[in-house]
Amino acid sequence: ASPPMATFVEIRDGVRLETRRYGDPTRSRALVVWGHGLCNSMAGEDEDMLWNFWHARGDGNGTGPGPGDDDDDDDGAVAMDAHVVRYSARGHGESSPSTTPADCAWDTLGGDMLALARECRRDASQRLVLGGASMGAASAIHAAVRVARERERAGSSPETIAGLVLVIVPTFHETRRRRRSQILAAAERGFGAFLKSKKPRPIFAGTDREDEPPRLVGVREDSFEHVMAASADSDLPPSDVIANALRDVPILALCWDCGDKTHPPSSAAAIETRLAPHADVRVAKTLEETRGWSEAVRAFVSGLGAGE
């Protein structure tokens, strides 16, 4: 079967985001808005099968839906009573191209995620969960900081974030400065060279997945330079700002320690020690240890507000 048909949501004048949806939008208890990583795509995540919690199967070991299987099933979303909205970030997939690097900065992407959530949310009774992988995780943190700032300025906010799901959190603060030069170098080599340089994820090393072709590239060629420049200059807000914004927000962070310098274990440690000591932080060292990630997300979302 094919993935769900893409729908487009205009989050502001001239800016449309490509989305795929799973679960019941009208009766689901929760809305989960999910963003992918830098230069990745919804299709790339489907190929990785590492955190496709919206499906009933597929927990990081290659047993989930594959080409020709039921990759349009939404049993995972139904099981956690959620409407899951995945989307292509600005400058990626079929979403609007960028016009300047600022369109693709993490802070802007956080605003895009929040705007999409507000367009898709049924009403205030539907619990709002934001999340994503890598750049998507950074977007979710920025969105949470935006909500906190709105509340501080106005004394209230249109919504309360019921939970955050942060997967393979990228470099930030001290480690981001070292990452910047790598991103700029990749941008300098150009889009064509970038396509040829893609490699399998480090978590696949030493497993039967290590020889898989690299995942699909999702960044738009016409936005590549802007996307890379924005990523190089992006970072998370200061630690105290994040800690203040997240102090009452339930958080599940799924990270790994496998030699992936783009998503280092130091990011997980920083969440656990500085940004959100109350977070449930899990660090996988092998592909086998990621096998339960999808079920962990489903359990986290299902458990939000339990007993209320």
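Just so it is clear, the structure is predicted and the values come from calculations on it, not from any experiment.

Thresholds applied
Residues numbered from 1 in each chain as written. Predicted model: local features only at pLDDT ≥ 70, side-chain atom pairs only at ≥ 80, totals over all residues. Heavy atoms only, no water. Pairing = 2+ DSSP bridges. Helix = DSSP H or I, 4+ residues; strand = E, 2+ residues; numbered from the N terminus. Axes fitted to C-alpha atoms, helices over the stretch in contact; angles between N-to-C directions. Contact = heavy atoms within 4.5 Å. Salt bridge = Lys/Arg side-chain N within 4 Å of Asp/Glu carboxyl O. Buried < 20%, exposed > 50% of the residue type's maximum accessible area, 1.4 Å probe, protein only. Arc of directions from axis to C-beta.

1. Digging into the sheet that holds strand S8 (residues 280–284)
- Pairing within the open sheet is mixed, and its 8 strands lie in the order S1-S2-S4-S3-S5-S6-S7-S8. Edge strands, defined here as strands with exactly one partner in the open sheet, are strand S1 (7–12) and S8. In this sheet, neighbouring strand axes are inclined to one another by 20° on average, regardless of whether the strands run parallel or antiparallel.
- In this sheet, S8 lies alongside strand S7 (residues 251–256) in parallel orientation, the contact comprising 5 bridges. Within S8, the residue paired with Ala 253 across the bridge is Val 281.
- Running at roughly 115° to S1, helix H3 (residues 106–120) makes contact with S1, strand S2 (15–22), strand S3 (30–35), strand S4 (82–87) and strand S5 (127–133) of the sheet.

2. Some remarks on the pattern of salt bridges
- Using the criterion set out here, one finds 17 salt bridges in the structure.
- Close ionic contact of Arg 247 with Asp 248 constitutes a salt bridge, the shortest N to O distance being 3.8 Å. Summarising the burial analysis for this pair, Arg 247 and Asp 248 share the class exposed.

3. What to know about helix H8 (residues 239–246)
- Burial in H8 covers these residues: Ile 242, Ala 245 and Leu 246. What you see down the axis of H8 is that its buried residues fit within an arc of 85°, all on one side.

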